[in-house]
Structure formats: structure tokens, C-alpha cells
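Architecture and fold: a report
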Amino acid sequence: MDNPIFELQDAHFSYLGRYPALRGIDITVCQGEQIAVIGANGCGKSTLLHILDGLIFPERGSFKAFGKELKEDAFNRADFSRDFRKKVGLVFQNPDVQLFCPTVKEDIIFGPLQLGVEKGEIQRRLEALVGVLNIGDLLDRPPQQLSIGEKRKVAIASTLIIEPDILLLDEPTAGLDPQTTRCIIDLLIQANESGKTIITSTHDLHIVEEISDTVYVFSPEKKIIKSGCPHEILADEQLLRDNNLLHIHSHRHRDKSHIHPHTHLEHHS
Amino acid sequence: MSKRNNFIRRSLMGVLSFLKESVFADEYAAKKGFLQSLDPRIKIITFILFILAILFTQSMAGSLYLYAVCLILAYLSRVSIGFFLKRTWIFIPLFSLFIAIPALFSVFSPGEPLLSLNMAGVQLIITRPGLWGAALFVTRVIASVSFAVLLSLTTKHFVLLKVLRILGIPQIFVMTMGMCYRYIYLFVEMIENTYTAVKSRSGVNIHYPRGQRVVAWNIAYLWVRSCQLNEEVYKAMLSRGYSGEPAVLNDFKAKPKDWLWLSAVLAMFAVNRLAEIWGIYG
């Protein structure tokens with residue numbers, strides 16, 4: 001594979017040493033790739049993204065970032081920490097966690113300010129992002145007054161403004177209306193076309209094909225059960241059913257209602 | 001409905017609605033008035049000057065003159081005078097009453113007696129210097145509290161925090177205050193939602209001991225949630241490059257009007273001091 005950015009081998013992680021979150025994960029991410037990590041709730045997707053962002057570290061196994069073994073004490077070196085944070089950006093699952101400043105504008109510019117980006121450049125990036133995400137009227141508002149969709153847009157803006165090479169997104173479209181979902185997908189596609197590596201965790205199968213070249217499926221046992229191209233993964237109905245990813249719908253036809261599972265691909269056939 | 005339960009419900013909802021309406025609503029700060037139009041840095045400096053002038057004042061007339069200036073500023077800033085008086089006079093007894101009352105009596109302020117009271121065989125004498133000192137103290141408190149309240153009413157809280165950072169208050173202190181403010185709102189919403197959820201499942205007639213258990217459970221839940229949130233927010237800060245010393249963007253711009261206002265307040269401060277020194281206030 002060309003130019004691996006992240007390499008996880010047999011990575012294990014547990015919370016409080018008792019509650020396993022990842023059990024033996026092997027994953028390699030190369031520059032410019034679009035990856036989707038899919039799985040049911042609580043299967044370890046967020047934990048994986050936090051490891052890739054250098055916020056937590058595997059208890060067992062190895063984790064290499066940019067070709068070097070990554071350990072917690074590496075972040076004690078200011079230059080390394082700053083360099084890593086400039087390269088890797090994470091959009092958290094809960095936007096309330098990410099929006100901790102008194103106003104939207106302060107939240108968006110928090111990252112580049114901490115990373116020492118020049119003020120004129122911050123202003124330029126802010127103006128560009130405000131235009132793309134259409135959030136100009138939100139800038140002076142406190143984050144708590146925003147709707148969930150607006151919060152998510154602002155959270156994404158607060159990460160994108162750092163202009164990271166690698167963008168990690170934890171369920172970026174959860175609970176969003178179709179128009180906002182579309183806007184975010186377009187943004188991810190555009191970011192990838194400009195050379196960024198995109199890793200998205202989701203259980204929304206409708207967006208997987210658009211935002212990924214490779215899909216990793218997590219099982220409830222916190223392991224990667226299968227990986228492959230989106231078409232191949234989404235066509236494997238048994239795999240999706242076993243891992244709680246299949247949609248089950250109730251339909252009414254004339255005067256009869258019936259319930260049946262359906263796969264994502266039916267929408268595109 | 002149990003009266004005690006009703007009392008808890010009303011108290012809880014009252015506290016939450018007070019927090020939302022008075023602490024989080026920037027109603028007056030968003031109006032287009034005189035103080036709202038000033039550069040926040042200049043505004044805060046001039047308010048500090050006003051409060052210093054009150055502290056240096058030795059006469060009641062001086063304090064009342066500054067209080068009148070404060071009321072005029074409130075009027076010019078489109079703050080309802082009735083609302084402003086209610087807001088400031090709530091605090092004044094708290095600050096001054098317990099301190100001012102003992103100062104009335106001869107035990108603490110000896111001098112010419114004005115009134116003698118006999119309470120349970122104990123004779124208490126209110127003296128002229130005591131009454132004068134207590135009145136001066138109360139007017140000073142009224143004027144100072146009014147300026148502080150007017151500043152907070154006419155300045156958006158985030159701007160206030162930002163100015164504090166720019167004026168050299170330790171960044172970590174101001175940032176912690178800002179985050180407290182931000183997340184109290186989240187917790188207020190969480191309490192409201194939990195209360196509504198409990199009500200929707202159990203109706204309004206919750207038996208008192210059960211109500212206590214629900215409240216205790218909620219306190220525990222909020223505690224656990226705040227610990228989790230604390231950890232997650234810290235991770236989110238680290239993820240965007242935070243390394244222990246937050247940086248802040250100073251994008252305020254002072255206009256000629258702001259410098260004019262600062263000069264006027266400085267002149268007022270000087271005149272007030274000279275009037276005190278020359279005894280013009282009497």
C-alpha cells in the first residue's frame with residue numbers, strides 16, 4: 001500500500017480496565033483514502049477514532065502514525081503535539097462536547113488560535129468556511145442556542161478550519177435533516193478530492209457509498225469482522241443482518257401492512 | 001397534588017426559568033443604546049473608574065451624584081428604569097443591611113445621640129455620626145452595585161469574558177468561567193428534560209418519598225454526566241491543539257466616540273476628586 005498514515009496492529013482497548021471497547025483491531029489507512037467504519041452502537045467506532053486522533057492509546061498491540069510508533073509521552077513535546085494536531089482533526093459525535101466557547105465564532109477559531117496560525121489567515125479561513133457552510137448568521141450566537149444540525153455544522157467548521165490532512169468524523173450525519181446531511185456529504189467529497197484522508201464512523205448505510213472507498217465492519221464483539229469496497233459490503237445482507245445494520249421497515253400496500261428487512265442497495269438498483 | 005411536591009416542582013421550575021431568563025438572556029445587551037455602542041474594553045475601564053470614584057467619595061452628595069449618572073446612563077442605554085431599580089435593589093439589602101445596621105448605634109459609632117431605643121432592658125442609642133456613616137455606606141453600595149449591574153446588563157457575557165482576558169485576567173480562570181456558563185445551560189436543559197420525562201411517566205402526583213428518590217437519582221445522574229462531559233470536553237480541547245494556555249483573538253476596535261467617552265469619564269473622575277478635596281459637596 002502507498003504511504004500509510006495510520007497502522008494499527010492487534011490493538012486492544014478497554015474503559016476502566018474492565019469494559020472492552022476494541023479487541024484486536026488491525027487497520028491500515030493510506031494517504032488520500034476515504035474510509036467508512038460501520039457498526040451498531042457501542043461496537044467501538046468512536047474509540048477507534050479517538051485512538052487515531054491520539055487522545056487515547058491502545059493497551060495492547062501497536063499503533064503507528066506517519067510511520068512512527070505513537071505513544072502518549074510523544075505529546076509532551078510541544079512541537080510534535082502541534083504538528084500532529086495540525087495534521088489530524090476529529091469531529092466528535094456529540095457536538096455539545098466540541099462547542100465549549102461562549103460564541104460560535106470563538107469555537108470555530110479556537111483550534112487555529114491554539115495552533116499558532118496567523119490572525120489574518122484565521123480570518124481568511126473563517127470567511128471561506130462561513131460561506132461554504134452558510135453559518136454567517138450564527139457567528140455571534142452562543143452554541144447552546146443552536147439546533148442540532150447547526151451545532152454539527154459548527155463542530156465540523158471548528159475542525160475544518162485547522163485544515164487537517166486527515167479528517168476523522170464520528171457519526172457526522174446522525175439526527176440531521178436530509179438537506180444538512182447532503183451539505184455535509186458534499187463537503188466530505190470535496191475535502192477528499194482536494195487530497196484529504198477521510199475516515200468516517202457511521203451506522204447510516206445510505207451515505208457509505210458516497211463517502212468511502214473502503215468499508216470496515218465492526219461486530220458487537222468489538223472486532224473488525226470484514227472489510228472491502230462499499231458495494232461488496234452493502235450487498236452482503238447476512239453480514240449486515242448479523243451486525244445489526246440492516247434496516248427493517250414496515251410498509252403498507254393498499255390495505256395490508258407487512259414488515260421486511262431491506263438493504264441499502266435496493267435504493268440504487 | 002401533594003403540597004410539598006408542588007413546592008419542590010415550583011421551586012425547581014422557578015430556579016430553572018430564572019437562570020434561563022436572567023442569566024442567559026442578553027436582552028438589554030442586544031439593544032441599540034449608548035453603552036451598547038461603546039467598545040467593551042473602554043466601557044469596562046470607564047466603569048472601573050466610576051466605581052473607584054464611588055470608593056473615594058467621602059460625601060453622600062458625591063455618591064448620589066454618581067448614582068444619578070448611572071441612572072441617566074441606564075436610560076440612555078434603553079434599560080427599563082423600573083427593571084433596573086428592581087434588579088439593583090434586590091442586591092443592596094444583602095450587601096449593606098447587616099453591615100450598616102450595627103454602625104447606627106453608639107457602641108460602634110460614638111457621638112451626638114439622635115434616638116434612644118430600649119429593647120429588653122438594653123438601651124441602644126442611634127448617633128448622628130452612626131446614621132451619617134450608615135447612610136453614606138448604603139448610598140455607596142447602591143451606586144457601586146448599580147454600575148456593576150448596568151455593565152452586566154449592557155454587555156454580552158461572552159464579550160465581558162473576552163475583555164477580562166484581554167485586560168490580563170489569567171486566561172485559564174476566564175476560560176473556566178466561560179465554560180461553566182456554557183455547560184450550566186446544558187445541565188439546566190437536562191434537569192428540565194428529566195423532570196418532564198418523569199412527569200410523563202408518573203403523572204404529577206408523585207408520592208413524596210418517591211419524589212425524593214427521583215431527585216436523589218437525578219443529582220447522582222447529573223454528577224456522573226458532568227464527570228463524563230468534563231473528560232470529553234478536555235479531549236475535544238486537546239484535539240484542537242489546546243496545551244494548557246488558551247490563546248484568544250483580540251478583534252475589538254476603538255472608535256473616536258470611545259476615546260471621547262473615556263476622556264469625558266476621566267474628566268468627570270478628576271472633577272469629582274477635586275470637588276471632594278475642596279469640600280464642594282459639603
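Overview of the structure. Predicted model only: the values in this text are computed from it and were never measured.

Remarks on the overall build of chain B
- When you go through chain B residue by residue, the secondary structure sums to nine helices and two strands.
- Along its sequence from the N terminus, chain B presents helices and strands in the succession α-α-α-α-β-β-α-α-α-α-α.
- The buried share of chain B, taken over its 282 residues, is 39%.
- Across chain B, contacts joining residues at least 24 apart in sequence account for 74% of those joining residues at least 6 apart.
- As presented, chain B carries roughly 15900 Å² of accessible surface, and 70% of it is formed by carbon and sulfur atoms.

Focus on the pattern of salt bridges
- For the structure shown, the criterion picks out 16 salt bridges over all chains.
- We note a salt bridge from Asp 83 of chain A to Lys 87 of chain A, for which the minimum N-O separation is 3.5 Å. Placement of the pair is Asp 83 of chain A and Lys 87 of chain A together in helix α2 (residues 78-87), with a separation of four residues, close to one helical turn.
- Judged by relative accessible area, Asp 83 of chain A falls into the partly exposed class, the value being 39%.
- Residue Asp 39 of chain B pairs with Arg 41 of chain B through a salt bridge whose shortest N-O separation is 2.8 Å. The exposure classification of Asp 39 of chain B matches that of Arg 41 of chain B, with both residues buried.
- Bridged by salt links that share partners, the residues Glu 121, Arg 124, Arg 125 and Glu 163 of chain A form one connected network.

Description of the pairing of strand β6 (residues 88-91) of chain A
Residues and elements named next belong to chain A.
- Both faces of β6 are covered, namely the face carrying Val 88 and Leu 90 and the face carrying Gly 89 and Val 91.
- Note that β6 and strand β7 (residues 166-170) share four bridges and pair parallel. Within the sheet, the bridge partner assigned to Gly 89 lies in β7 and is Leu 167.

Considering the sheet that holds strand β10 (residues 224-228) of chain A
Residue and element names in this part refer to chain A.
- Taking strand neighbours across the sheet as the criterion, the six strands line up as β6-β7-β8-β3-β9-β10 in an open arrangement whose pairing is mixed. Pairing within the sheet leaves two strands with one partner each, and these edge strands are β6 and β10. This sheet shows a mean twist of 15 degrees between the axes of neighbouring strands, independent of strand direction.
- Where strand β9 (residues 214-218) and β10 come together, four bridges link them in antiparallel fashion. Note on β10: the bridge partner recorded for Val 217 is Lys 226.
- Of the strands in this sheet, β6 and β7 are in contact with α2, which crosses β6 at around 60 degrees.

Quick look at empty space enclosed by the protein
- Using the criterion set out here, one finds three cavities of 30 Å³ or more in the structure.
- For the largest cavity, the calculated volume is near 160 Å³.
- Around the largest cavity, the lining comprises 19 residues; the ones closest to its centre are Cys 101, Pro 102, Glu 106 and Phe 110 of chain A together with Arg 165 of chain B.
- The set of elements that each furnish at least two residues to the lining of the largest cavity consists of α4 (104-114) of chain A together with α6 (157-166) and α7 (171-202) of chain B.
- Ranked by residues supplied to the lining of the largest cavity, first place goes to α4 of chain A with five residues.
- When grouped by side-chain class, the residues that make up the lining of the largest cavity number 14 nonpolar, two polar and three charged.

The rules behind the values
Residues numbered from 1 in each chain as written. Chains lettered and ligands numbered in written order. Predicted model: local features only at pLDDT ≥ 70, side-chain atom pairs only at ≥ 80, totals over all residues. Heavy atoms only, no water. Helix = DSSP H or I, 4+ residues; strand = E, 2+ residues; numbered from the N terminus. Buried < 20%, exposed > 50% of the residue type's maximum accessible area, 1.4 Å probe, protein only. Contact = heavy atoms within 4.5 Å. Areas by Shrake-Rupley, 256 points an atom, 1.4 Å probe, with all protein chains shown as cover. Salt bridge = Lys/Arg side-chain N within 4 Å of Asp/Glu carboxyl O. Pairing = 2+ DSSP bridges. Axes fitted to C-alpha atoms, helices over the stretch in contact; angles between N-to-C directions. 1 Å grid on protein atoms, 1.4 Å probe; cavity = no way out; pocket = protein on both sides within 12 Å on 5 of 7 lines; lining within 4 Å. Points joined across faces, edges and corners; volume = space filled by probe spheres on them. Nonpolar A, V, L, I, M, F, W, Y, C, P; charged D, E, K, R; others polar.

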